[in-house]
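# Observations on the three-dimensional arrangement
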Amino acid sequence: MKTYRLVSYPHPALRKKAQPVTEITDEIQHLIQEMLRIMYEGNGESTGIGLAANQVNSLHRVIVMDTPQYRDENAPMEKRIMINPEIVWASEEMMDCHEGCLSVPHVSGGPVPRHARIRVKYMDEHGKTHEEEADQLFANCIQHEIDHLNGVMYFDYLPKGKRMSFMRKYEKAQREEKKAGN
Ligand code: NI
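Calculation rules
- Residues numbered from 1 in each chain as written.
- Predicted model: local features only at pLDDT ≥ 70, side-chain atom pairs only at ≥ 80, totals over all residues.
- Heavy atoms only, no water.
- Helix = DSSP H or I, 4+ residues; strand = E, 2+ residues; numbered from the N terminus.
- Rg over C-alpha atoms; globule rule 2.2 N^0.38 Å.
- Buried < 20%, exposed > 50% of the residue type's maximum accessible area, 1.4 Å probe, protein only.
- Contact = heavy atoms within 4.5 Å.
- Areas by Shrake-Rupley, 256 points an atom, 1.4 Å probe, with all protein chains shown as cover.
- Lys, Arg positive; Asp, Glu negative; His and termini not counted.
- Charge placed at Lys NZ, Arg CZ, Asp CG, Glu CD.
- Donors = N, O, S within 2.8 Å, 3.2 Å for Na, K, Ca; no water.
- Phe/Tyr/Trp six-rings, centres within 6.5 Å; stacked < 30°, edge-to-face > 60°.
- Pairing = 2+ DSSP bridges.
- Axes fitted to C-alpha atoms, helices over the stretch in contact; angles between N-to-C directions.

## Focus: the overall build of the protein
Each helix and strand in the protein was counted, giving three helices and seven strands. For the protein, the C-alpha radius of gyration of 16 Å lies close to 16 Å, the compact-globule estimate for 182 residues. Projected onto its principal axes, the C-alpha coordinates of the protein cover approximately 45 × 45 × 35 Å. Looking at the protein residue by residue over its 182 residues, the buried ones come to 46%. Sequence-distant contacts in the protein: of pairs separated by 6 or more residues, those separated by 24 or more amount to 67%. With an accessible surface of roughly 9,800 Å², the protein has 49% of that area assigned to carbon and sulfur atoms. In the protein, the 24 positive side-chain charges and the 27 negative ones have mean positions that sit 9 Å from each other.

Listed below in structure tokens is the structure:
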């Protein structure tokens, strides 16, 4: 089966809207395994805590996550596979997040306004429906990944001046990477 690869901004897939999964086929299962592999592998400078299908040039509504456990550091990671994820409730309370993205290497930025608490509904890889609440980093990550499925990047939220300096910094890093032959 197909080997997927991480794509970097401005790859066109990152600006497209992914489509709902209607059936969990072998192809979808393979995509999930590939996404987990790519998330853990990271982009050479850091490993990921979340990945959306658009980031491997696939337009299915699938996200994978493995965020560090913040409530109890000895607990397992918050590993999730979410198919057709949907935010069904979001707190009015917001939080300012500082974010990075495997598809936007070498840079990170904020403040990105995110809902402090959300409830998300999704299907797991066995086709079972779940609804759960999330806060802190987990909620931050879910909102970032669902945005990817809608073609939205976290830097879109930055105030204009900050966004422009962010893009200059990113473009410079991209040029340097190219020069280094990566
Ligand atoms: Ni991302």
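Here the narrative resumes, following the displayed structure.
## Observations regarding the side chain of serine 91
Mapped onto the elements of the fold, serine 91 is located in the loop between strand E3 (78-90) and strand E4 (94-99). Taking the relative accessible area as the measure of exposure, serine 91 reaches 3% and is therefore buried. Not counting the four nearest positions on each side in its chain, serine 91 is found in contact with His115, Ala116 and Arg117.

## Side note on the coordination of the nickel ion
Taken together, Cys101 (SG), His144 (NE2) and His148 (NE2) make up the protein donors of the nickel ion, found 2.1 to 2.3 Å from the metal. Between consecutive donors of the nickel ion, the numbers of intervening residues give the motif C-x42-H-x3-H. Here the residue histidine 144 and the residue histidine 148 both occupy positions in helix H2 (residues 136-149), the gap between them amounting to four residues, near one helical turn. Overall, the relative accessible area of 7% leaves histidine 144 in the buried class.

## A word on the environment of glycine 100
Looking at the element boundaries, glycine 100 is found in the loop between E4 and strand E5 (109-115). For glycine 100, a relative accessible area of 41% corresponds to the partly exposed category. It is 16 Å that separates the C-alpha atoms of glycine 100 and arginine 168, two residues lying 68 residues apart in sequence. Among residues more than four places away in sequence, those in contact with glycine 100 are Val107, Ser108, His144 and Tyr154.

## Side note on the packing of aromatic side chains
Applying the stated criterion to the full structure yields five aromatic pairs. Through a chain of ring-to-ring contacts, three or more aromatic side chains come together here, namely Tyr9, Tyr154, Phe155, Phe166 and Tyr170.

## So, the environment of proline 10
With respect to the helices, strands and loops of the structure, proline 10 is situated in the segment before helix H1 (26-41). Placed 93 residues apart in sequence, proline 10 and serine 103 show a C-alpha to C-alpha distance of 8.7 Å.

## Description of the sheet that holds strand E6 (residues 117-123)
One open sheet holds the five strands; their spatial order is E1-E2-E3-E6-E7, and the pairing between them is antiparallel. The sheet is open, and its two edges are formed by strand E1 (50-52) and strand E7 (129-135), each paired on a single side. The sheet shows a mean angle of 40° between the axes of neighbouring strands, taken without regard to direction. Where strand E2 (residues 62-67) lies against E3, six bridges are found, and the strand directions are antiparallel. Bridged to methionine 65 within E3 is arginine 80. Strand contacts of H1: E1, E2 and E3, with the helix running at about 40° to E2, the strand carrying the most contacts. Relative to the sheet, H2 contacts E1, E2, E3, E6 and E7, its axis offset from that of E2 by approximately 155°.

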